[in-house]
Amino acid sequence: KYRLIDVPISNCIHSGMERMFVLTQFNSVSLHRHIVRTYKFDLFSRGFVQILAAQQTPRGEAWFQGTADAVRQNLEIILESRGDLVMILSGDHMYRLDYRRLLREHVEAKADVTVGLLPCSEDEIGEFGSARVDPAGRIVEFREKPKEASARQGMKADASLLAKAGISPDRPYLASMGIYLFAKDVLRECLESTPYHDFGHHVIPKAVSERRVQGFLFEGYWRDIGTIRSFYDAHMDLVRPDPPFHFNDPEWPFYTHPRYLPGSRVNATRLNRSILSEGALLEECTIEDSIIGLRATLNRVTVRRSLLMGADPYPPDGPPGAPPVGIGEGSLIQDAIVDKNARVGRNVRITNKQGVQDSEGPGWAIRDGIVIVTKNAVIPDGTTI
């Protein structure tokens, strides 16, 4: 139902921040279409969501080489906009946050830069940039992905700081969330004085050594969705008996493109711990711990621990003799992701019974042990994956 970009944009709108640039590069046609169709502010608002795609500019003719380089190549456009501060967010994280809290701490601390920080355990911190902060919350050291014990030495947060924020002592490390708030003049200097490509790897560590960089402690659900496994796990979080994150907060809804679809039609179907999107048609199915996407069509199918992304309004025609869009009668889908417009035939078994970690075939792939049926794929009757 949603796209990942809806999360940071919705957070911005709820935080009263309605002037946004979205920097894009790869496979961005459908993303651009979604943004243009969805985010339209009224004539009397100063709000906008403007796309800045990689292109030839006076600053450079290359593709974006990293997050910092993407901002650098569009720096003049960004600095010409109203306001004294620039907030930089990642487009592939899932969380709910009022950025005004971070802004308030930034101003009170008279900081040059503020970085969002997430408390982590020792097992988790090796996957993120790690910050060491003093009792006042100022970042005094930054290390990228300290996987070894020696690299983590001395990086635990001050116990009094954690207690003040109500954070459990079993999560003593602070990981960068990819949320950065810069004063405009500091952002210009950081990017123009260096050739660095990435904020997390290069710009922030250098700023820590030269500027006042403040840490903002976030206590809540946050997930970086940068891999197939994390994309799958984030969806499985939503269907847990007591989900750590949900979309049905009436005070903080997430916005997306309105599709005006009818309610789903369900007949003789058992649904357990699952989410059903609009416009779907389910006939005599068993659905457990799964998410069924827009306009999905399932006929006498069993789905367990899977994400079915549904169908577009007018999916492309399949090859002659191909099954219709949807999941065919008698099929079993388990621990899988089925992308949009897939045509899965009758009596198909998608279970990865052998526990293969990485493989691929016509119309499907396995990554991190998860079977992915690719967009517009055709899986013939009787196939076993």
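All of the points below concern the structure found in this document.

Cut-offs and rules
- Sequence order sets the numbering: in each chain, residues are counted from 1 along the sequence as written.
- Given that the model is predicted, a residue must reach a pLDDT of at least 70 before its local features are reported, and side-chain atom pairs must reach 80 or more before they are shown or counted; all residues, however, enter totals for whole chains, interfaces and linings.
- Hydrogens and water are ignored here; the side-chain numbers use all heavy atoms of the structure.
- Helix and strand assignments come from DSSP, with helices taken as H or I runs of at least 4 residues and strands as E runs of at least 2, each series counted from the N terminus.
- Throughout, radius of gyration means the C-alpha value; the globule benchmark is 2.2 Å times the number of residues raised to the power 0.38.
- The buried label goes to any residue with under 20% of its type's maximum accessible area, the exposed label to any with over 50%, and the partly exposed label to all in between, with areas taken from a 1.4 Å probe on protein chains only.
- Pairs of residues are marked as contacts when any of their non-hydrogen atoms sit within 4.5 Å.
- With residues, only the protein chains shown are counted as cover, and all accessible areas are computed by Shrake-Rupley using a 1.4 Å probe.
- When charges are counted, Lys and Arg are positive and Asp and Glu negative, with His and the chain ends excluded.
- Charge positions come from single atoms, namely NZ of Lys, CZ of Arg, CG of Asp or CD of Glu.
- Only buried residues count toward a nonpolar core, which is a set of Ala, Val, Leu, Ile, Met, Phe, Trp, Tyr and Cys residues joined through side-chain atoms within 4.5 Å.
- Between Lys or Arg on one side and Asp or Glu on the other, a salt bridge is scored when a side-chain nitrogen of the former is within 4 Å of a carboxyl oxygen of the latter.
- Counting of polar contacts relies on pairs of N or O atoms within 3.5 Å, with two restrictions inside protein: one atom must be capable of donating a hydrogen and the other of accepting it, and residues adjacent in sequence are counted only when both atoms are side-chain atoms.
- Two strands make a pair as long as DSSP finds a minimum of two bridges between them.

**Here's the deal with the overall build of the protein**
Now for step 1: If you tally the helices and strands in the protein, you get ten helices and 28 strands.
Now for step 2: For a compact globule of 385 residues, the expected C-alpha radius of gyration is about 21 Å, and the protein comes in at 23 Å, within 12% of that figure.
Now for step 3: Counting only C-alpha atoms, the protein reaches 65 × 50 × 40 Å along its principal axes.
Now for step 4: Counting across all 385 residues of the protein, residues that qualify as buried make up 46%.
Now for step 5: Nonlocal contacts in the protein, meaning residues at least 24 apart in sequence, comprise 60% of its contacts between residues at least 6 apart.
Now for step 6: For the protein, the exposed surface amounts to about 19300 Å²; the carbon and sulfur share of it is 49%.
Now for step 7: Computed over 47 positive and 49 negative side-chain charges, the separation of the two mean positions in the protein equals 3 Å.

**Examining the nonpolar core**
General note: in soluble globular proteins, nonpolar side chains tend to be found buried as a group.
Now for step 1: Within the largest apolar cluster, 33 residues are counted, with the highest numbers of intra-cluster contacts made by Phe-182, Leu-187, Phe-199 and Ile-204.
Now for step 2: Per-element accounting of this core gives the leading share, five residues, to helix α9 (residues 199–210).
Now for step 3: Ignoring sequence-local partners within four residues, the contact set of Leu-187 consists of Val-71, Leu-75, Val-86, Ile-88, Phe-182 and Phe-199.
Now for step 4: Among the nonpolar cores identified, the runner-up in size contains 27 residues, and Ile-35, Ala-175, Met-177 and Leu-181 belong to it.

**Some words on the pattern of salt bridges**
Now for step 1: Here the structure, examined in full by the defined rule, presents 24 salt bridges.
Now for step 2: As a salt-bridge pair, Arg-240 and Asp-237 come within 3.3 Å of each other at their nearest N and O atoms.
Now for step 3: Assessed through its relative accessible area of 42%, Arg-240 is described here as partly exposed.
Now for step 4: A salt bridge links Asp-312 to Lys-340, with the nearest nitrogen and oxygen atoms 3.0 Å apart. Residue Asp-312 is located in the loop between β19 (307–308) and β20 (326–327), and its partner Lys-340 is located in the loop between β22 (336–338) and β23 (343–344); the two are separated by 28 residues in the primary sequence.
Now for step 5: A relative accessible area of 22% means that Asp-312 is categorised as partly exposed.
Now for step 6: What emerges from the salt-bridge pattern is a single network uniting Glu-76, Arg-188 and Glu-192.

**Some details on the environment of Ser-264**
Now for step 1: Within the secondary structure, Ser-264 is located in the loop between α10 (228–238) and β11 (265–267).
Now for step 2: With 15 residues separating them along the chain, Ser-264 and Gly-279 place their C-alpha atoms 4.7 Å apart.
Now for step 3: Excluding its chain neighbours within four sequence positions, the residues that come into contact with Ser-264 are Leu-276, Ser-277, Glu-278, Gly-279 and Ala-280.
Now for step 4: In terms of polar contacts, Ser-264 uses its side chain to reach the backbone carbonyl oxygen of Ser-277, at 2.5 Å.
Now for step 5: At a separation of 3.5 Å, a polar atom in the side chain of Ser-264 contacts the main-chain amide nitrogen of Gly-279.

**What to know about the sheet that holds β19**
Now for step 1: Overall, mixed pairing links the seven strands, which are arranged β13-β16-β19-β22-β27-β26-β25 in an open sheet. Where the open sheet ends on each side, the last strands, each with one partner, are β13 (275–276) and β25 (359–361).
Now for step 2: Of the pairings in the sheet, the one linking strand β16 (residues 291–292) to β19 comprises two bridges and is parallel in character. Bridged to Ile-291 within β19 is Leu-307.

**Examining the sheet that holds strand β12 (residues 270–272)**
Now for step 1: Ordered in space as β12-β15-β18-β21-β24, the five strands form an open sheet in which the pairing is parallel. Two strands in the sheet have a free side with no partner beyond their single neighbour: β12 and β24 (349–350).
Now for step 2: Pairing of strand β15 (residues 286–288) with strand β18 (residues 302–304), which is carried by three bridges, proceeds in the parallel orientation. For Thr-286, the partnering residue across the bridge sits in β18 and is Thr-302.

**Digging into the environment of Ser-10**
Now for step 1: By secondary structure assignment, the location of Ser-10 is in helix α1 (residues 6–14).
Now for step 2: Owing to a relative accessible area of 0%, Ser-10 belongs among the buried residues under this scheme.
Now for step 3: A distance of 2.7 Å separates a polar atom in the side chain of Ser-10 from the backbone oxygen of Asp-6.

**Digging into unusual backbone geometry**
Now for step 1: Even without being glycine, Asn-352 reaches a positive phi, approximately 50°.
Now for step 2: One can find Asn-352 in the loop between β24 and β25.
Now for step 3: Taking relative accessible area as the criterion, Asn-352 reaches 11% and is therefore assigned buried.
Now for step 4: Of note in this structure, Asp-368 is not a glycine but carries a positive phi near 55°.
Now for step 5: Position of Asp-368 relative to the elements: it lies in the loop between β26 (364–367) and β27 (370–373).
Now for step 6: Residue classification places Asp-368 among the partly exposed positions, given a relative accessible area of 32%.

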